[in-house]
Amino acid sequence: MPLAPWLRHYERRWLRDDLVAGAALFALLIPAGMAYAQAAGLPPATGLYATVVPMVVYAVVGPSRVLVLGPDSALAPLIAASALPLAAGSPGRAVALAGLLAVLMGAIMMAGAVLRLGVVTQLLSRPIRLGYLSGLALVVIVSQLTTLLGVHVSGGSPWEELVATVRALDQVNPVSLAVGAGSLAVIGLARAMGWRLVGVLAAVVGSGVVTWLLGLEHRLTVAGALPAGLPPASLAGVGPADAVALVLPAAGIALMTFADSGVLSKSLAARYGGDVSGNRELAAIGLANAATGVLGGFPVSASGSRTPVALDAGARSQVAGVVAAALVAAFMLVAPGATAYLPTATLAAVVIAAVIGLVDGPEIVRLARMSRSETVVMAAAFVGVTTLGVLTGILVAIGLALLEFVRQAFTPYRAELAHLEDVPGYHDLSRHPEAERIPGLILARFDAPLFFANGSVLTDYLRSLVEAADRPVTHVVLASEPITGIDTTALEELIELDEWLAERGIQFVFAELKGPMKDRLLRFGTRARFGVDHFYPTVSAAVRALRADREDRGDRHDGDGGPPPDGPPSNVAPSTG
């Protein structure tokens, strides 16, 4: 794992943007960390430490230039369900168990990186990323609405929580709504004028000052004062039995974390530039979690809310995260009471304004116009993330994408080829009906790898071309360049086709078949059936050689009335490489 890989491409002019973005991110990190720690049943201070440590560690080893790690609302219930039953009501033991959970989770993720399981990110296609980011935006917005409105509801999925929020509109806290809506308006106006950071800082600082001046802290929810000092770092009191009890929950949290973080990291790399390795990402997040657990924190993930805040404020690199982490640590030591008047409705407004930017409307519309099947995959990712949860939703979308790939490979495009006057090569007869067939030959192309599901599709197509031919056929030439794979089932189909053609006095040959595919045919034991005279380097070479062979045998079914071959008639040696 190279240290700070993003640093090699760092530009000095980015420093100001990163400092400003770090300051803006800092305003969100403290209350968010405290809230997620409380949701996990842990002391608020652990959320602050679980904010500082992973950001610094990831900045040193992480591959993403802009990803922000930290406590996550989706992990909080899992941490509580895993650690609290073993803590037996002891806050200190709960912290130690949560730390052990993070260490185990980190070890599992690093082991996955060694085994190169990060390849799972290669399954996260563009439609999946678009659907995921849009779904994540909805999940985060719905989760923040109750805070912005000052209502308390209970719901399972985001849709259920949204319905519950609508039903509770008669319980809205008008002060909270006014502060939240005002913060959104300030942020939106500043963004429209190109002042992204000014809007965030004005909303956070302004709402805190107004709350203090008007004494509103008793009429709406505020973040409250921070605990003084740094939380103790300790894994005391845990043993092998605890590790055994937590290993399966740690594996589940690791899987969810990487599925969530991997999609977010890859999506950000596609949008903002950069090259992200799935295995390196897996190792970096694992190491960040292990360090966080050892130093008194709990499992963390890539943040779908804080990352957009950093980007929205102009972050260019991990320097922004390091600056924010340093400010959090300094704030805990120097001014722990400064957040006493900060309304949580303002923080909700900051998060909502940020995640709206995750929805790429123009790209969604463009994809919908380009591909119906990929639009279905995108919609499945969106619906899955918003109804089944992040991990399950992504897995469903990946499954649909793979099924679509199999469907396309099962019924790929296939074409009969013919000669087009004054145009080199041989072309699709359905697209160029004016083209002329080569006398005695059938030329065909199959645009997919050959496997068990489509071998018969190819052979049936070639049989239909032979049976529909209105002139004697001596050779069937398969243009094989698109064929990048052949399994044993498809091979049996080819052998049966060759036997069927041989009974009719027709030879079956391949043109442009790649060397590895030819080696595979021979390795499957077909050397006696498909010898070197069955392979030609190009379709044109096959046509010239087969026409010359027919002329040598005096086989002139159509005289000289057919179209000329591509190039002078000459014997061309079959392909051997």
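From a predicted model like this one, the values you see are computed outputs, not experimental measurements. (Residues numbered from 1 in each chain as written. Predicted model: local features only at pLDDT ≥ 70, side-chain atom pairs only at ≥ 80, totals over all residues. Heavy atoms only, no water.)

### Comments concerning the overall build of the protein chain
Worth spelling out the cut-off: Counting from the N terminus, the helices are the DSSP runs of H or I reaching at least four residues and the strands are the DSSP runs of E reaching at least two. Burial here depends on accessible area, computed with a 1.4 Å probe over protein chains only, as a share of the maximum for the residue type. Under 20% is buried, over 50% is exposed, and the range in between is partly exposed. The contact criterion used is simple: two residues touch if any of their non-hydrogen atoms lie within 4.5 Å. Surface accessibility in these figures is a Shrake-Rupley result with a 1.4 Å probe; residues are shielded only by whichever protein chains are displayed.
Counting its secondary structure elements, the protein chain contains 20 helices and eight strands. For the protein chain, with 577 residues in total, the buried portion stands at 52%. Contacts spanning at least 24 positions in sequence make up 81% of the contacts within the protein chain whose residues lie at least 6 apart. Put simply, the protein chain shows about 25000 Å² of open surface, and 62% of that area lies on carbon and sulfur atoms.

### Some remarks on the pattern of salt bridges
Short version of the rule: We define a salt bridge as a side-chain nitrogen of Lys or Arg found within 4 Å of a carboxyl oxygen belonging to Asp or Glu.
Applying the stated criterion across every chain, the model contains 10 salt bridges. A salt bridge links E363 to R366; the nearest nitrogen and oxygen atoms lie 3.8 Å apart. Separated by three residues within a single helix, E363 and R366 lie in helix α14 (residues 361–370), roughly one turn from each other.

### Describing the sheet that holds strand β5 (residues 441–446)
Formally: Only strands that DSSP links by at least two bridges are regarded as paired with each other. All axes are obtained by fitting lines to C-alpha atoms, using only the stretch in contact for helices, and the reported angles, taken between N-to-C directions, cover 0 to 180 degrees.
Taken in spatial order, the six strands line up as β4-β3-β5-β6-β7-β8 in an open sheet, and their pairing is mixed. For this open sheet the edge positions go to β4 (423–428) and β8 (535–536), each flanked by a neighbour on one side alone. With two bridges connecting them, strand β7 (residues 507–511) and β8 associate as parallel partners. When the bridges of β8 are listed, A511 appears paired with Y536. This element, helix α18 (residues 488–502), spans β6 (475–479) and β7 of the sheet and lies at about 135 degrees to β7.

### Things to note about unusual backbone geometry
We note that A88 has phi near 55 degrees; this positive angle belongs to a residue other than glycine. In this structure, D422 takes a positive phi of about 65 degrees despite not being glycine. Relative to the helices and strands, D422 resides in the loop between β3 (414–420) and β4.

### Overview of the pairing of β4
The pairing of β3 with β4 spans four bridges and is classified as antiparallel. Bridging across to β4, H419 finds its partner in Y426. Linking two consecutive strands that pair antiparallel, namely β3 and β4, is a turn of two residues; a positive phi of about 65 degrees is found at D422 within it.

### Section: the pairing of β6
Among the five residues in β6, five count as buried, and that is most of the element. Burial along β6 is two-sided: H475, V477 and A479 facing one way and V476 and L478 facing the other are all buried. Relative to β6, β5 is paired through five bridges, and the arrangement is parallel. Bridge pairing in β6 links L441 to H475.

### Some points on the packing of helix α5 (residues 126–149) against helix α6 (residues 158–167)
What counts here: If an angle is under 35 degrees, it is roughly parallel; if it is over 145, roughly antiparallel; if it lies from 65 to 115, roughly perpendicular; otherwise it is oblique. Handedness of a crossing is defined here by the sense of rotation of the near helix relative to the far one, left-handed for an anticlockwise turn of less than a right angle and right-handed for a clockwise turn.
Put simply, α5 and α6 touch, their axes get as near as 9 Å, and they point 25 degrees apart. Relative to α6, α5 is oriented roughly parallel. Seen from above, α5 lies across α6 with left-handed handedness. Contact residues: α5 offers L138, V139, V142, S143, L145, T146 and L149, while α6 offers P158, W159, E161, L162 and T165.

### Considerations on the nonpolar core
Heads up, the condition is: For this analysis, a nonpolar core means a set of buried residues of the types Ala, Val, Leu, Ile, Met, Phe, Trp, Tyr and Cys, connected via side-chain atoms within 4.5 Å.
Counting 85 residues, the largest nonpolar core has L25, I30 and I79 as its most contacted members. For this core, the leading source of residues is helix α1 (residues 14–39), giving 10 residues. For I30, the residues in contact, after removing those within four places along its chain, are L48, L226, V328, F331 and T339. Core analysis: the next-biggest nonpolar cluster, separate from the first, contains 31 residues, I442, A448, L513 and F530 among them.

### Some details on helix α17 (residues 455–468)
Note the cut-off: To estimate the expected span of a helix, subtract one from its residue number and multiply by 1.5 Å.
Between its first and last C-alpha atoms α17 spans 20 Å; for 14 residues at 1.5 Å apiece the expected length is 20 Å, and the two agree. Within the span of α17, buried status applies to G455, V457, L458, T459, Y461, L462, R463, L465 and V466.

### Let's talk about a nonpolar patch on the surface
To keep things clear, this is the line we draw: A patch consists of residues exposed above 30% relative accessible area that lack any salt bridge, with like charges linked at up to 9 Å and nonpolar side chains (Val, Leu, Ile, Met, Phe, Trp, Tyr) linked at up to 5 Å.
Nonpolar side chains collect at one region of the surface, where V205, V209, V210, W212, L213, L214 and Y341 lie side by side and expose about 680 Å² of accessible area between them. In this structure, L214 sits in helix α8 (residues 196–214).

### A few points about the packing of α14 against helix α15 (residues 372–387)
When two helices pack together, their arrangement is given by the angle between the helix axes and by the axis-to-axis distance. Here is the rule: Gly is put with the polar residues, along with every residue not named as nonpolar or charged; the nonpolar set is Ala, Val, Leu, Ile, Met, Phe, Trp, Tyr, Cys and Pro, and the charged set is Asp, Glu, Lys and Arg.
The N-to-C vectors of α14 and α15 enclose an angle of 135 degrees; their axes lie 6 Å apart at closest approach. It follows from the interaxial angle that α14 and α15 lie oblique. Contacts between α14 and α15 involve I364, L367, A368 and M370 from the former and R372, E374, T375 and M378 from the latter. Looking at the contact of α14 with α15 residue by residue, the class counts come to five nonpolar, one polar and two charged.

### Details of the packing of aromatic side chains
What describes a pair of aromatic rings is the distance from one ring centre to the other and the angle between the planes of the rings. Put simply, the test is: For this analysis, a ring pair means two rings from Phe, Tyr or Trp (six-membered ring only for Trp) whose centres lie within 6.5 Å, classed as stacked if their planes differ by under 30 degrees, edge-to-face if by over 60, and tilted for the remaining angles. By the criterion adopted, a ring carries a charge over it if an Arg CZ or a Lys NZ lies within 6 Å of its centre and within 35 degrees of its normal.
A full pass over the atoms with the stated rule returns five aromatic pairs. For the ring pair Y10 and W14, a centre distance of 5.5 Å and an interplane angle of 85 degrees mean the geometry is edge-to-face. Accessibility expressed as a relative area gives 21% for Y10, which makes it partly exposed. Among the aromatic residues, ring-to-ring pairing joins F508, F510 and F535 into one connected group. The ring of Y461 carries the charged tip of R414 above its face, separated from the ring centre by 6.0 Å. When the ring centre of W500 is taken as origin, the NZ or CZ atom of R463, which lies over that ring, is 5.6 Å away.

### A few points about the confidence of the model for the protein chain
We apply this condition: pLDDT expresses, on a scale from 0 to 100, how confident the predictor is about each individual residue.
On average, the protein chain scores 84 in pLDDT, and the residues at 70 or more come to 90%. Per-residue pLDDT stays below 50 along residues 555–577; that stretch engages in 53 contacts with residues further than four places along the chain or on separate chains.

### Digging into the side chain of S82
Relative to the helices and strands, S82 resides in helix α3 (residues 76–87). Taking the relative accessible area as the measure of exposure, S82 reaches 13% and is therefore buried. Setting aside anything within four residues of it in sequence, one finds S82 in contact with L101, L246, P249 and I253.

### A few points about the side chain of T165
Locating T165 in the fold gives a position in helix α6. Using a relative accessible area of 4% as the deciding quantity, one classes T165 as buried. Non-local contacts of T165, meaning those with residues more than four positions away in its chain, are made with T146, L149 and V153.

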